[in-house]
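Working through the structure, step by step
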Amino acid sequence: MEPVIHFAPYTGWVYPNETVFEWSVLIAVYPYLTGLVAGAFTVSSLYQVFGFERLKPVAHMALLTSLSFMIFVPTPLLLHLGHPERAFNSTITPHLTSAMAMFGFFASFYVALLILEGWFAYRPFIVAQAQKRTDLLGRFYRLLTLGSYDVSEHAMRYDRKWIFALAVIGIPAAHGLHGYVGFMYGSLKSREWWSSDLMPVIFLFSAIISGVSLLAVLYVATCKMRKIAVDLGCLKGLAYTIWAFIMVALVLEGLEFANIVYKGREGVDMIMQYVTGPLLVPYFVLQFGIGAITPFLWLSYMIWRGTSGKALIVGVTICACLVLFSVFMMRWNVVIGGQEISKTGKGLLSYHMPFWGKEGAFMAIALTLAPLGLLYVLTRLFPPWSDAATHAHS
Amino acid sequence: MTKESKPTLAARRAFLTKLGGAATCAAAGAAALAAIPGASAKTEPAADGAAFPTKDYDWTKHQWGFGVDATKCIGCLRCVEACKRENDVPANAHQFRTWVERYVHLEGDDEVHIDSQQDPVNIEASGSEKTFRFANRYKDAKVYKAFFVPKLCNHCTHPACVQVCPTGATYRTEDGVVLIDHGYCIGCRYCVQACPYGARYFNEEQGVSDKCTWCYHRITKGLQPACVEVCPVGARIFGDQRDKESPISLFIRNNRVQVLRPETGNAPNVFYVGIDKEVN
Amino acid sequence: MPKHIVRLILILVAVLAVAAIAKPILTVDSFYRFGHYRANSVPEIAAQEPVYQTPRYCYGCHTERRAQWSAGSHKTVTCEVCHGPATGHPQSGKLPIPTDAVKLCTLCHEAMPGRPKSQPQIQVAEHSGGQQCTVCHNPHSPKISSAATKVSGDAAAGKQRAAACASCHGAAGISPNESWPSLAGQSAPYLVRILSAYKSGDQTDPIMTPLAKELSATDIQNLAAFYARLSCKSADGSKSGGDAAAGKALAKNCAACHGETGSGGNPAWPKLAAQKPGYLVNVLKAFRAGLRKDPMMAGVARGLSDTDIANLAAFYAAQNCQSTK
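1. A short note on the overall build of chain C
For chain C, the count of helices and strands is 18 helices and zero strands. Relative to the globule expectation of 20 Å for 325 residues, the C-alpha radius of gyration of chain C, 32 Å, shows a markedly less compact shape. Here chain C holds 325 residues, and the buried ones make up 45% of them. If you take every contact in chain C between residues at least 6 apart in sequence, the share linking residues at least 24 apart comes to 66%. For chain C, the accessible area works out to roughly 16,400 Å², and carbon and sulfur atoms hold 60% of it. Computed over 33 positive and 20 negative side-chain charges, the separation of the two mean positions in chain C equals 6 Å.

In structure tokens form, the structure reads like this:
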């Protein structure tokens, strides 16, 4: 049994109550999962709303990925609460001025939206299964049809309208949702490292690149598993998307850091000491160097040279993995890093992550991978493959 | 933030009822809600017309304030120990409702040395994590300037902690005290993060946030907060700002007082005298 | 409109309706009464019982102590600062009498950078040579007044006046019997204090009171000076009923004021070494019964049994009064 409270070692002057880290690795996992949701949904919307036809092979997958990750978004939060059984207090009596209370509504609304959009997208498939199957699963599909097997052109026209409307609402919802996560940190005036107007936008763009990267990796992996050829056009489409957004993400994060340094408000000395000391490797090397600049340059090179074939698949997959890692490091550096710089502006703390336990590394890894398990189940129930029997609209 | 006009609040509430209901139930279903014990706990409403919050105390008649005269503080830490005992604060050297900071400038050293009772050197001097004393660590050093500063929750007029609480488990009372409803707090610790003064901590055993209440259970019975009660040198001053002859009113009137981190806009209600530029 | 769309909308409306109904039902009663919080939590918090009780709580019983404390320089240091919170006392036990005075007193009085100049501070190592603070200072009124320590009597004049005392206390200040105290070598400030007390009526005794009333302030000074200079006589094997070894263990609690063997300490307080055991027993019992009044001793004697008293008396009676410990 590990001690109930972990006290953090510190240097310099920190407030006594700061020696306990209140937001652990789980709170870094949570915006990471939210980001993957928003990013994956972006891909789905690029296809559904903006007509990026080359993304069709991953469009349904994007929806399912978004849903599976969104369902797990509340888990790190619930595990972290002192009274998880009271979690609904924040929805029964939401405090309007609290970013966190409003987040609950955005998140719930978004889950509902994802389920609805998925339902419409898969309705022809659900109806077909309901008519074909007689087993327990058949019952499940029949329940989902809501008792209507109508897949006439008249009905499908309605469905398409709904899908379009939901996707249109979904874009601001997804991005609002994730921008809002950034606002939860950016709106706190207690910490110089968090308190920034750029925070929501930074979170949003890193979310997009992480989600798109996740889809790129999942797409390549599922193609290999199903032993089918990777659609290079689709992969290239994903690569362009990553490339375009990573540029914005890099610029924003660079600006954010430049702002802190240039404004040089009270406590900046400690921040400089921190970023050139304990944060040097996680921030500059891992998050920026390896995680963002490397894939950016590599993707630029491949786009410039028109790389194709196996080199493109390997290149994009590795770049996507690096981006996924970079974005996690970004979450870590914000959530944990913010708390490692004392509110006094005169001291630094250091967070030590336990491996086991409710808020340990194992739990963090498990929660990050769990959505993939759910995604596997969902792909069995609702195959997202566009090359298989046509089931979706259009 | 604290005083919203009634129609606005009602309108927002109505809107929230719809939006909140929709989202909540889409996500989990109303049945699950009903099963939440904490959420459905009912409490007896207080009888109308009687004084609130107790029959002998009417909170509309007071506006509390706290003063700290750092020039008087001797760093004996009796306040810290009394607070821990009075309020059942965890008996460790890491979580406090009130604490005392020591600022020391040494000759020929630009850097100010700051420590508090939780510093390992001071814990070694006290001999336990349950009792506190400042080690005489600068006894043989050439001290240019040194002083002690007691700290506690500032009971801000615009508290950042109340602003971020998602449930309404922390609030500012009519008599100017920021309290935490331990029966309603979900333990998200957003408030702990939001407080610029480090005044809040998380009580692991109870699973809720905690902080100074100005001993609300004492001041509503006509007593002083425990830290004020035990301070042997009168470095802590407490009283009703409505009463122009109260200790706190006189303290504010007769001194040039300042507050910590005014730039946050939190508008603290703990007033300091005799602190230096480094204190925040 | 296709059937499935209609049904979907119905489901959504139903969910919204359930939510709208659930919200007021699930909202706890007193929420929103004054603002965005549970109003009933305020009386709940206010109902918590105070732990620290303030000096007013102590006055009820400890009247003598109060008089002493409130007149002294420690009047801003309330009872519970040193004795801890009074909740539950006296019903569920005594409050601690701090044993390590050095540790306690130096919390405030150790010379430390940062302490305001107005605060009395000592260099701990140099100040007392490791003695307990209470050896010289009465914690309830710590200032050592010069009147109490300096006795400027004329021993020769005192000797003449002492002729009247000799029948009971012995010509050389060594009491011939068990019930009256020896006075030879006794601390002069103590003798002044106690005689003045008999004179003023603060202290009463059927024999001593009328005698002391006859004394002038000068007489008292002279007598004190005379007896203090006499040589005390150590244990002559006076037999007593107590167990000196057991008494020694108990006497640790007295050492802070009376010295380890009863012959050192605050001059305002009596030396006990080689005192008549019978007298010691009588006095302790008088303190215990409240017949003799002293704020410090009343508390100390209250917890002693008859055996304890006998043992203590035996221990002090057997000590060498020439040592200064």
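2. Let's talk about the state of the cysteines
Residue and element names in this part refer to chain C. One pass over the structure, following the stated rule, counts one disulfide over all chains. Shown here is the disulfide that connects Cys232 with Cys321, its sulfur atoms set 1.7 Å apart. Taking the torsion about the sulfur-sulfur bond, which here is approximately 100°, the covalent link between Cys232 and Cys321 counts as right-handed. Here Cys232 is found in the loop between α13 (217-229) and α14 (244-251), whereas its partner Cys321 is found in the segment after α18 (306-317), with 89 residues between them in sequence. Of the two residues examined, Cys232 and Cys321, each falls in the buried class. In this structure Cys61 is not part of a disulfide, and its nearest cysteine sulfur, from Cys58, lies 8.9 Å away. You can call Cys61 exposed: its relative accessible area is 58%. With no disulfide of its own, Cys82 lies closest to Cys105 among cysteine sulfurs, the gap being 7.1 Å.

3. A short note on the sheet that holds strand β3 (residues 64-69) of chain B
Residues and elements named next belong to chain B. Across the sheet, which stays open at both edges, the three strands sit in the order β11-β3-β12 with mixed pairing between neighbours. Lying at the two open borders of the sheet, with one neighbouring strand each, are β11 (236-240) and β12 (270-273). Each strand axis lies, on average, 20° off the axis of its neighbour in the sheet, ignoring direction. Judged from the four bridges that link them, β3 and β12 form a sheet pairing that is parallel. Bridge pairing in β12 links Asp69 to Val273. Seen against the sheet, helix α10 (residues 247-254) touches β3, β11 and β12 and runs at an angle of roughly 115° to β11.

4. A closer look at the sheet that holds strand β6 (residues 143-152) of chain B
All names here are of chain B. Here three strands make up an open sheet; going across it, the order is β5-β4-β6 and the pairing antiparallel. The two strands at the open ends of the sheet, each matched to only one other strand, are β5 (112-116) and β6. Ignoring which end each strand starts from, the neighbouring axes of this sheet average 20° apart. Two elements, strand β4 (residues 98-106) and β5, share five bridges in a ladder whose sense is antiparallel. Bridged to Glu101 within β5 is Ser116.

Cut-offs and rules
- Residues numbered from 1 in each chain as written.
- Chains lettered and ligands numbered in written order.
- Predicted model: local features only at pLDDT ≥ 70, side-chain atom pairs only at ≥ 80, totals over all residues.
- Heavy atoms only, no water.
- Helix = DSSP H or I, 4+ residues; strand = E, 2+ residues; numbered from the N terminus.
- Rg over C-alpha atoms; globule rule 2.2 N^0.38 Å.
- Buried < 20%, exposed > 50% of the residue type's maximum accessible area, 1.4 Å probe, protein only.
- Contact = heavy atoms within 4.5 Å.
- Areas by Shrake-Rupley, 256 points an atom, 1.4 Å probe, with all protein chains shown as cover.
- Lys, Arg positive; Asp, Glu negative; His and termini not counted.
- Charge placed at Lys NZ, Arg CZ, Asp CG, Glu CD.
- Disulfide = S-S within 2.5 Å.
- Pairing = 2+ DSSP bridges.
- Axes fitted to C-alpha atoms, helices over the stretch in contact; angles between N-to-C directions.

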